[in-house]
Amino acid sequence: MSRDYDHKAIEKKWQKIWAEESVYKVEDTVPGKDNVCVLVELPYPSGNLHVGHWYAFAVPDIFVRFKRMTGHNALYPIGFDAFGLPAENAAIKHAVNPREWTEENIKTMRAQLEAMGNSFDWSRSFATCTPEYYRWNQWIFNRFFERGLVYRKKVPVNWDPIDQTVLANEQVLPDGTAERSGAKVEKKDLDQWMFRITKYAERLLKNLDALSWPESIKELQRTWIGKSEGAEIEFAVVGTEHKINVFTTRPDTLFGVTYMVLAPEHPLVARLSYENKDEVSAYVAAARLKSEIDRTAAGKEKTGVRLQGVMALNPANNQEVPVFIADYVLASYGTGASMAVPAHDERDFAFAKKFNVPIVQVIVPCSDDPINPPKNGLEEIERETIIVFLKNKATGLYALLDWHGSLEGITTGIMGGVEDGQTPEEAVLAEIQEEAAIPDAVVTRKLKWVTAARYCASHKNQNRKAIAHAFLAEIEDLSQQGTIPESEAKTHTLTWVDESKVRDCLVPIHQKMIWDQFKEEKVLTEGGFLMNSGKFNGASSEDAKSRITEFVGGRMATTYKMRDWSISRQRYWGTPIPIVYDPEGTAHPIPDEHLPWLLPTDVDYNPKGTSPLGSSKELFERTERIFGKGWKPEVETMDTFMDSSWYFLRYLDSRNEKEFSSRDKQEQWMPIHTYFGGAEHTTVHLLYSRFFQMALYDLGLVTVEEPYTRRFNRGLIVNEDGSKMSKRTGAVNPDEQVAIVGADAVKMYLAFMGPYGVTGNYPWNPGGVVGVRRFLERVWGLAEKVVEDAREMIEAPLHQTIKKVGEDIEAFKFNTAISQMMIFVNAVEKEGDLGRAQYEVLLRLLAPFAPHITEELWHRLGHTGSIHLEAWPVYNPDRLTSETVTMAVQIDGKTKGTLTVSRGLTEEAVLAAVREDAKLAQYIAKFPSRVVFIPDKVINIVP
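Notes on the structure follow. (Residues numbered from 1 in each chain as written. Predicted model: local features only at pLDDT ≥ 70, side-chain atom pairs only at ≥ 80, totals over all residues. Heavy atoms only, no water.)

So, about the environment of Ala 352. Positionally, Ala 352 belongs in helix H11 (residues 346–355). Linking Ala 352 and Gly 742, residues 390 residues apart in sequence, is a C-alpha distance of 65 Å. Contacts of Ala 352, omitting those with residues within four sequence positions, involve Tyr 259, Pro 342, Val 357 and Ile 359. (Helix = DSSP H or I, 4+ residues; strand = E, 2+ residues; numbered from the N terminus. Contact = heavy atoms within 4.5 Å.)

Encoded structure:
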């Protein structure tokens, strides 16, 4: 056999044969085989693929081929997500129809995909821009409309000033720019068609628990859905009929409300009367130019304007509080209004300090003493106490107390009770005098917050709740210190500690927190018990939530951060929304018999801030011809995420003209077995498609509630310098790489770069792909070393390889599977040759990774059927360990050769074998002075 491995001829040859023989066309049922549908995200026909696209489509093909060889009827479908702004913008730039641009790109992209040699079933392929597909977009829209899942509403939207269209929240990047155009996103109020995805928020959240997905993906969806449980409470606007409705997760802090905040867009801002209208109007205008991300960014300096003359009434204590507008409150989240409790909210605290608003503590954080926790059944006595950290200015050290007796092992600040008639400050000086015998201390600072601890006072047989006032105090030096009374010395020892070690020395949790507060004042966001809250003082935070809500006439409620999905787009290249308006302006869904409602062609594509379909004479004439004079069409198109929210169902039944996807086909294939995709779609496409599946399930149109059994996000292939591959930053051209090393080498190298299904960045290394190519050449060269009989020495490595490669593919650890095959080839080359059956096993193991070369070698061995229709090798557990081993033979620590012997030989038997080996025997004396023996590994003979 020739040693020349001509990948170009081989790959072209087998791609043609596979297509002609429909090797990868998958039937809906195959007797004795379970169906498995493996999905990759619907690709956009951008024209030219880079190796990142190969990573998305070629590597999962390994898993698909493995599933076929292990006895499954495995479907790997592919199509094109063909609507969207890039095609429309290209049409404008090049003065061509977007359909022409898209169709040309699809041809180019299909050729590139076919060059991968993937096992796609092209017979099920489609493009979403065809009427045959988008007809069902419109049909589903009608079903959702009937179900009340579609509505029209004027809402604040994200507006892309470059692409001149609305963006979903998910299409706005963290820096406030548009994902596609890079423009700074603006806010506009527009009438929009909306999908009521929030109706499914709880199910979308709850169902995550049972899904066999990586926890990181599920947590991203939970965060995006953003469930909050709390209360809805009304604040009356003093002197008016208006009320400010707020949602809060902390109704237990209601007595601590010292001001109210409205979003700049809140309807009341336009209805209320206030003295500084110009100032307010200017602030509102400025806020509308900012993105939501800009407005809510952590650490951003808080801005706002007080509505002069407007006061709200706190329903808990009937105190009047000022009303502000501030851009950190969003009209699109909750009620667009916030009750501000600056003592217990970081954002409110920063705002209150800047605008000099009162700060009132109403929650006392309380922890149980870790050494003497409260005991069940004992009476709890509340006691007011002080805690003081005393600093010696001369040394910079702080005084702490190391306790003895029942408090053995506890270190605290100086502490004690506040006696009747004492102020907390007087108690501080008294305790310093008693416990440290220091008369000249000066209180320098009092902590803003009150804290508490619960513990068991065993000598009193009672539980105590110590409410602590915390202080810092100083002394000049210890020159005035007297003798600590014997009664105090018996209970504790006064120690002086460096400032850097104080926190570590403190044992009580609440004292650690107090020390932290002195170092950096922070708000108290945790729960505890109530203070400054009238009749609710002493109640726990959790109990007080419902009690205070009921007290003020509010109601407990649940909200979600996720908003309804705006699907209206003011561009041309998308599915026409199937709505017409009667002469009175009422919206009506277009009856199913008129679907598909075709996208007109007589359109000016150039964006003008209005929908291009409005320029179509044919569309308006069509509408009047069908529905009557005075009727008008909807001129917006659908968000292209509509196309990709159900496409997997169409793969199952892509040629059905009567149904979008028959239940029979769904019964055979759903749910999707494994879905590979990009992390960027975790909170967009994945969430939308789950919503679609649930809604269709409720309509009785699909067979399962959740679409995907398993979901895995892949990593990202980046340029050598770590930059993301794109048309702007540059990208590795896979066509060039395929021409040099072949599709199999490119595919294998991508699989070799790191574990699949684990997000991370993998830099492209030209040397790495060349190394994989050399490995394939070595496999090719092994064909010349094939003998008829199996070689015993490689039986154990072979079965180890079968076991590991199969297990690693199932775990998407394609990189370590390839490593194992490389180890095996090393073993074969060391042995010199291998049996025909052993070589055929290697080819079958390699087939999913390198389909072209293995198919060629398989047929050169005389087989007539495709290797990809062969069964996966099965390892023999009894052959995982070889009966012989190769031991290193060393003479005085230097290796002189190896010896193949039976496993488990004794030192004497191995030594005898060395003496019988003509080459090795010359190095040893008859009676060596010493032998170092490691069974089955090495023998070191010292003469």
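With that settled, consider the sheet that holds strand S3 (residues 150–160). Spatially, the four strands line up as an open sheet ordered S4-S3-S5-S24, and their pairing is antiparallel. Edge positions in the sheet fall to strand S4 (165–167) and strand S24 (565–566), since each of these pairs with one other strand and no more. (Pairing = 2+ DSSP bridges.)

Two side chains bearing opposite charge may form a pair once their charged atoms approach each other closely. Within this structure, the stated rule accounts for 53 salt bridges. The shortest N-O distance in the salt bridge between Glu 232 and Arg 555 comes to 3.1 Å. Taken together, the residues span a long stretch of sequence, with Glu 232 in strand S6 (residues 227–237) and Arg 555 in strand S23 (residues 555–560) at a distance of 323 residues. Across the pair Asp 327 and Lys 290 runs a salt bridge whose closest N-O atoms are separated by 2.8 Å. With Asp 327 in the loop between strand S10 (320–325) and strand S11 (337–340) and Lys 290 in the loop between helix H9 (277–288) and helix H10 (292–296), this pair connects stretches of sequence that are 37 residues apart. Using a relative accessible area of 1% as the deciding quantity, one classes Asp 327 as buried. On the accessibility criterion, Lys 290 (27% relative accessible area) is partly exposed. (Salt bridge = Lys/Arg side-chain N within 4 Å of Asp/Glu carboxyl O. Buried < 20%, exposed > 50% of the residue type's maximum accessible area, 1.4 Å probe, protein only.)

Moving on, we come to the sheet that holds strand S26 (residues 579–581). Paired through their backbone hydrogen bonds, the strands of a sheet run either parallel or antiparallel. Sheet architecture is open: three strands sit in the order S27-S26-S28, paired in antiparallel fashion. The open sheet is flanked by strand S27 (587–589) and strand S28 (632–633), the only strands paired with a single partner. In the sheet, S26 pairs with S27 via three bridges, with the strands oriented antiparallel. Residue pairing for S27: Tyr 581 is matched across the bridge by Ala 587.

What follows covers the packing of helix H1 (residues 7–20) against helix H21 (residues 734–741). One can describe the packing of H1 onto H21 by two numbers: an axis separation of 8 Å at closest approach and a directional angle of 115 degrees. By the criterion of interaxial angle, the relationship of H1 to H21 is roughly perpendicular. Contact with H1, carried on its side by His 7, Lys 8 and Glu 11, involves Val 738, Ala 739, Ile 740 and Val 741 of H21 and no other residues of that element. Grouping the amino acids of the contact of H1 with H21 by side-chain chemistry returns four nonpolar, one polar and two charged. (Axes fitted to C-alpha atoms, helices over the stretch in contact; angles between N-to-C directions. Parallel < 35°, antiparallel > 145°, perpendicular 65-115°, else oblique. Nonpolar A, V, L, I, M, F, W, Y, C, P; charged D, E, K, R; others polar.)

It is worth spelling out empty space enclosed by the protein at this point. All chains considered together, the criterion is met by one cavity of 30 Å³ or more. The volume enclosed by the largest cavity comes to roughly 90 Å³. If you trace the largest cavity, you find it lined by Pro 156, Lys 187, Glu 265, Arg 288, Glu 292, Arg 295, Leu 330, Ala 331 and Ser 332. For the lining of the largest cavity, the per-class residue count stands at three nonpolar, one polar and five charged. (1 Å grid on protein atoms, 1.4 Å probe; cavity = no way out; pocket = protein on both sides within 12 Å on 5 of 7 lines; lining within 4 Å. Points joined across faces, edges and corners; volume = space filled by probe spheres on them.)

This part is about helix H27 (residues 851–860). Of all ten residues in H27, eight are buried, a share of seventy percent or more. For H27, every residue scored as buried is listed here: Pro 851, His 852, Ile 853, Thr 854, Glu 855, Glu 856, Leu 857 and Trp 858. Looking at the buried residues of H27, the elements they touch are H1, helix H2 (51–69), helix H22 (743–752), helix H23 (766–782) and helix H26 (836–846). Phi for Gly 862, located one or two positions after H27, is positive at around 105 degrees.

Further remarks concern the state of the cysteines. Throughout the structure, instances matching the rule amount to zero disulfides. Between Cys 366, a cysteine without a disulfide, and Cys 456, which holds the nearest cysteine sulfur, the sulfur-to-sulfur distance is 14 Å. The buried category is assigned to Cys 456, whose relative accessible area is 9%. (Disulfide = S-S within 2.5 Å.)

Relative to strand S20 (residues 462–475), strand S14 (residues 380–392) is paired through 13 bridges, and the arrangement is parallel. Within S20, the position partnered with Ile 387 by the bridge is Ala 470. Note: S14 against strand S17 (residues 414–417), four bridges, orientation antiparallel. For Val 388, the partnering residue across the bridge sits in S17 and is Ile 414. Relative to strand S15 (residues 398–403), S14 is paired through two bridges, and the arrangement is antiparallel. Counterpart to Leu 390 in the pairing with S15 is Ala 399. Between the end of S14 and the start of S15, which pair antiparallel, lie five residues, with Gly 396 showing a positive phi angle near 80 degrees.

With that settled, the discussion passes to the environment of Lys 448. Inspection of the secondary structure puts Lys 448 in the loop between strand S18 (442–446) and strand S19 (451–457). Taking the relative accessible area as the measure of exposure, Lys 448 reaches 40% and is therefore partly exposed.

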